[in-house]
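# Analysis of the macromolecular model
Here is what each chain is made of, one letter per residue.
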Amino acid sequence: MENEKSYTAFEAAGRLFEFNVIPFGVKNGVAAFQRVIDQIIEQEKLEGTFAYLDNITVAGESQEEHDENVKKFLDIVEKYSLTLNKEKTAGPTTSINILGYLVSKGQMRPDPDRMEPLLKLPLPKDPASLQRALGLFSYYSRWVEKYSDMVQPLIKEPSFPLSETCNTAFESIKSKIASSCIVCPNDRDNLVLESDASEFALSVSLNQGGKPVAFFSRTLKAHERRHHAVEKEACAIVEACRKWQHYLAGRKFTLITDQQAISFMFSHQTHGKIKNNKIQRWRIELSTLDFDIKYRPGPENVTADCLSRAYCSALAYGYPDLVDIHENLCHPGVARLYHFVRVRNMPFSIDQVKKVTADCGDCARIKPKFIRPLNPPLIEATKPLDRISIDFKGPLPSSTKNKYMLVIIDEYSRFPFVYACPNMESSTIIRCLSNLFSMFGTVGYVHSDNGPSLISSELRKFFLDHGVGFSNSSKYNPRGNSQVERYNGVIWKAIQLALSSKKFPLTHWEIVLPEVLHAQRTLLCTATNQTPHERLFSFQRRSASGKPVPSWLLTQKKVLAKRHVRRSKYDPLCDEVDLVSVNPANARVRYPGGREDTVSLRDLAPLPVSESNAENSTGSAVKEIPPVAVTPSVTVAPSTPAPSNPPTSSCIPEPCHLSEPPPFN
């Protein structure tokens, strides 16, 4: 209204301005806009016209009635000087997806997207995941016709991977549940919200009268996976209440969780002090909703539990195969492999790690698990390279002149150094130690056994000239030099395992020696509870395993690149570019004009396959839209058939139109 413009006045550059169009950020601006649109529809007596904020739907029971209603509405748009967003206007169409419902041919059904987590439930890979899926299916079995017959292939002790018959039965039951159970919520029956959180995912189901209304699942972000289980469960509840607030607000519902602490903290009857600030903020947010929260043990919470575990499993299968990681790291044991995947936030459980190591035939043959006495090692060194232990391993079968390995172990960090040597002479030892001292500095103390070259006067003189202390173990007592003796076996077994994985003969051990040393320095040392590299250098060692380049960067020729410089916030966010080359850190791209540039991987996004394959003469994936005024868009819905995938409507705001009123006295 003209007399209300003064309420939006503001000062800028020493002058006073006011808005001609309602800007974003003005309190009650949305409500005022909705009120004006409703008044226009009522005053002009528009038939079949329905407005929700900036989305307007015009409908008719026949093509003629629809066309007449649209014509009247367009006349009113011109009369009141409204502006429509032509790019966001769809029609005519026989179905429309609006406010969470699919409206088509006199029927209103829930949005199929709400069944997406159920329909994407992955095929079980082991008995545990199959049992969870069967629990979910049985929860809704009374709504599925001939459920007992359909589920038979899945309950007759199937083998894994599942056969084609089991796969067909699994997919068929999912489709039946989605089509026969889905309901539109009514105002009579109580809504029930069931939530669960696993180590890697959240899931919630919304039910009414025993039937599902909607499902919600998402994987946890990297920082969220480190949160406590209580916070993960609370996060699932809060996110579901936000997503389905249009169902839950203004009515009483029941919230079911398998975390007893959450049922206490979120209960309206509990007035105790919550010391967790995050939980306290979430509790305040949920205080506007009317619900009863109940605790139900995890085994009985089959629906949400199945979805959260299934998404966890699906996430795990999206990573490099754990068997490949085990082989690439030269077959480490359970503790070291689990430490490797855990510090890199890979979604593999300890049970999966145990299974991979237990099922590895190479590990069983080359490093059998014999019973050993529990004698904790004595660590005499107090800092890196304070004491080192040295020993020879050999003679070894070799295709070169190097028949021996000189193994050097830093006693403090367990960091291994290995030199391939042609002999065990004192001059060879001095050459290798000189190389080590030139890179890392002179060590404080050297310990070895009583090999002839290790107690020679030449080597002792070398130690005295460099100010290095030295000692030797007693004769015929390998335990006196146990640390390097132990690593002799560990390194040689790792070499054998690496050769076995690559199908190389034993004489080619020098080829895999660098790879073996990298793995030993990267993996956890259970005696120090750190990796040798971390303990020696105080930072984590980089590894090629666990940091793959996204697969779509290796297969697509066109991608979307983030546009860092835009003339306005309404310009496109990204450009379609040609991918020239890629590496784990950045990529080389070519823009439509021919200019090439290097961009970070975090500024790239995949282009849909259908669009990347289509010919586009403009070379751009997004079309620039000129700014328009803040006005409604139109969606029309007659009864005649039309394209099945109409564009959704929304509004694009225009920069403020300002007029300068007279200055205040």
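Residues numbered from 1 in each chain as written. Predicted model: local features only at pLDDT ≥ 70, side-chain atom pairs only at ≥ 80, totals over all residues. Heavy atoms only, no water.

### Some remarks on the overall build of the chain
Scanning the chain from terminus to terminus reveals 23 helices and 24 strands. Scored against the burial criterion, the 665 residues of the chain give a buried share of 44%. By sequence separation, contacts in the chain at least 24 residues apart represent 62% of the contacts at least 6 residues apart. Within the structure as shown, the chain displays about 36,600 Å² of accessible surface, and the carbon and sulfur contribution to it stands at 53%. (Helix = DSSP H or I, 4+ residues; strand = E, 2+ residues; numbered from the N terminus. Buried < 20%, exposed > 50% of the residue type's maximum accessible area, 1.4 Å probe, protein only. Contact = heavy atoms within 4.5 Å. Areas by Shrake-Rupley, 256 points an atom, 1.4 Å probe, with all protein chains shown as cover.)

### What about the side chain of Arg387?
The residue Arg387 is located in strand 13 (residues 387–393) in this model. Beyond its immediate chain neighbours, meaning those up to four positions away, Arg387 contacts Glu380, Ala381, Ile409, Asp410, Glu411, Tyr445 and His447.

### Here's the deal with helix 17 (residues 426–440)
Taking 1.5 Å of rise per residue, 15 residues should cover 21 Å, and helix 17 covers 21 Å from first to last C-alpha, within 8% of that figure. Inspection of helix 17 places Ser426, Thr428, Ile429, Ile430, Cys432, Leu433, Leu436 and Phe437 among the buried residues, and these make up the whole buried set. Lining the buried residues of helix 17 we find strand 13, strand 14 (404–410), strand 15 (416–421) and helix 18 (457–465). Backbone geometry just downstream of helix 17 places Gly441 in the positive-phi region, at approximately 90°. (Expected span 1.5 Å × (residues − 1).)

### A closer look at the environment of Ala605
Note that Ala605 resides in strand 22 (residues 604–606). Overall, Ala605 belongs to the partly exposed group, its relative accessible area being 30%. Counting along the chain gives 52 residues from Ala605 to Leu553, while the straight-line C-alpha distance between them is 8.9 Å. Setting aside its immediate chain neighbours within four residues, Ala605 contacts Trp552, Val559 and Leu560.

### As for the nonpolar core
Counting residues in hydrophobic clusters, the biggest one holds 33 residues, and the most contacted among them are Leu193, Trp244, Leu248, Phe253 and Phe266. Ranked by residues supplied to this core, first place goes to helix 8 (residues 229–243) with eight residues. Those residues in contact with Leu248 that lie beyond four places of it in its chain are Leu191, Leu193, Leu206, Cys241, Phe253 and Leu289. By size, the runner-up hydrophobic cluster in this structure holds 32 residues, among which are Ile325, Val484, Tyr487 and Ala498. (Core = buried A, V, L, I, M, F, W, Y, C linked by side-chain atoms within 4.5 Å.)

### Considerations on the packing of aromatic side chains
Across all of its chains, the model carries 10 aromatic pairs by this definition. Here Phe415 and Phe537 contribute two aromatic rings whose centre-to-centre distance is 5.8 Å and whose plane-to-plane angle is 85°, an arrangement assigned as edge-to-face. With a gap of 122 residues between them, Phe415 in the loop between strand 14 and strand 15 and Phe537 in helix 21 (residues 532–537) connect regions that are remote in the sequence. Ring plane angle 65° and centroid distance 5.2 Å describe the contact between Phe417 and Phe440, whose orientation is recorded as edge-to-face. With Phe417 in strand 15 and Phe440 in helix 17, this residue pair connects regions lying 23 residues apart in the sequence. Directly above the ring of Tyr412 sits Arg535, whose terminal nitrogen or CZ lies 3.9 Å from the centroid. Directly above the ring of Tyr591 sits Arg595, whose terminal nitrogen or CZ lies 4.3 Å from the centroid. (Phe/Tyr/Trp six-rings, centres within 6.5 Å; stacked < 30°, edge-to-face > 60°. Lys NZ or Arg CZ within 6 Å of the ring centre and 35° of its normal.)

### Observations concerning the pattern of salt bridges
Considering all chains together, one arrives at 18 salt bridges under this definition. Taking the shortest distance from any N to any O, the salt bridge between Arg242 and Glu285 comes out at 2.8 Å. Of the two residues, Arg242 sits in helix 8 while Glu285 sits in helix 11 (residues 277–286), which places them 43 residues apart along the sequence. Given a relative accessible area of 33%, Glu285 falls into the partly exposed group. Note that Asp578 is salt-bridged to Lys558, the shortest N-O span being 2.6 Å. Separated by 20 residues along the polypeptide, Asp578 in strand 19 (residues 574–582) and Lys558 in strand 18 (residues 558–562) bring together distant segments of the chain. Owing to a relative accessible area of 25%, Asp578 belongs among the partly exposed residues under this scheme. (Salt bridge = Lys/Arg side-chain N within 4 Å of Asp/Glu carboxyl O.)

### Notes on the confidence of the model for the chain
Here the chain shows a mean pLDDT of 78. Residues at 70 or above account for 80%. Of all helices and strands in the chain, the one with the weakest mean pLDDT is strand 23 (residues 633–637) (39), whereas strand 15 scores best (94). Here residues 313–318 is a poorly scored stretch, pLDDT under 50, and it has eight contacts once near neighbours within four places are set aside; other chains count. Note that residues 613–665 has pLDDT below 50 and, in this model, 133 contacts with residues that lie over four places away or in other chains. (pLDDT = per-residue confidence, 0-100.)

### Topic: the sheet that holds strand 20 (residues 586–590)
Ordered in space as 21-20-19-18-22, the five strands form an open sheet in which the pairing is antiparallel. In the strand order of this sheet, the two ends are held by strand 21 (596–600) and strand 22, each with one partner. Neighbour-to-neighbour, the strand axes of this sheet turn through a mean angle of 50°, independent of strand direction. By the bridge criterion, five bridges tie strand 20 to strand 21 in an arrangement that is antiparallel. Bridge pairing links Val589 to Asp597 in strand 21. (Pairing = 2+ DSSP bridges. Axes fitted to C-alpha atoms, helices over the stretch in contact; angles between N-to-C directions.)

### Observations concerning the side chain of Ser413
Positionally, Ser413 belongs in the loop between strand 14 and strand 15. A polar side-chain atom of Ser413 sits 2.5 Å from a polar atom in the side chain of Asp410. Those residues in contact with Ser413 that lie beyond four places of it in its chain are Pro532, Arg535 and Leu536. (Polar contact = N/O pair within 3.5 Å; in protein donor to acceptor, adjacent residues only side chain to side chain.)

### Quick notes on the pairing of strand 17 (residues 469–472)
Bridge count for strand 16 (residues 445–448) against strand 17 is four bridges, and the pairing is parallel. From the neighbouring strand, Val446 faces strand 17, where its bridge partner is Phe470. After leaving strand 16, the chain enters helix 18 and then returns to the sheet as strand 17, a path that is right-handed. (Right-handed = clockwise from strand over helix to strand, strands pointing away.)

### Remarks on helix 15 (residues 350–358)
Residues of helix 15 that are buried: Val353, Val356 and Thr357. For helix 15, the angular spread of the buried residues around the axis is 95°, confining them to a single face. Among the exposed residues of helix 15, those pointing more than 90 degrees away from its buried face are Asp351, Lys355 and Ala358. Those residues of helix 15 hidden inside the fold are in contact with helix 13 (322–328), helix 14 (334–343) and helix 16 (361–366). (Arc of directions from axis to C-beta.)

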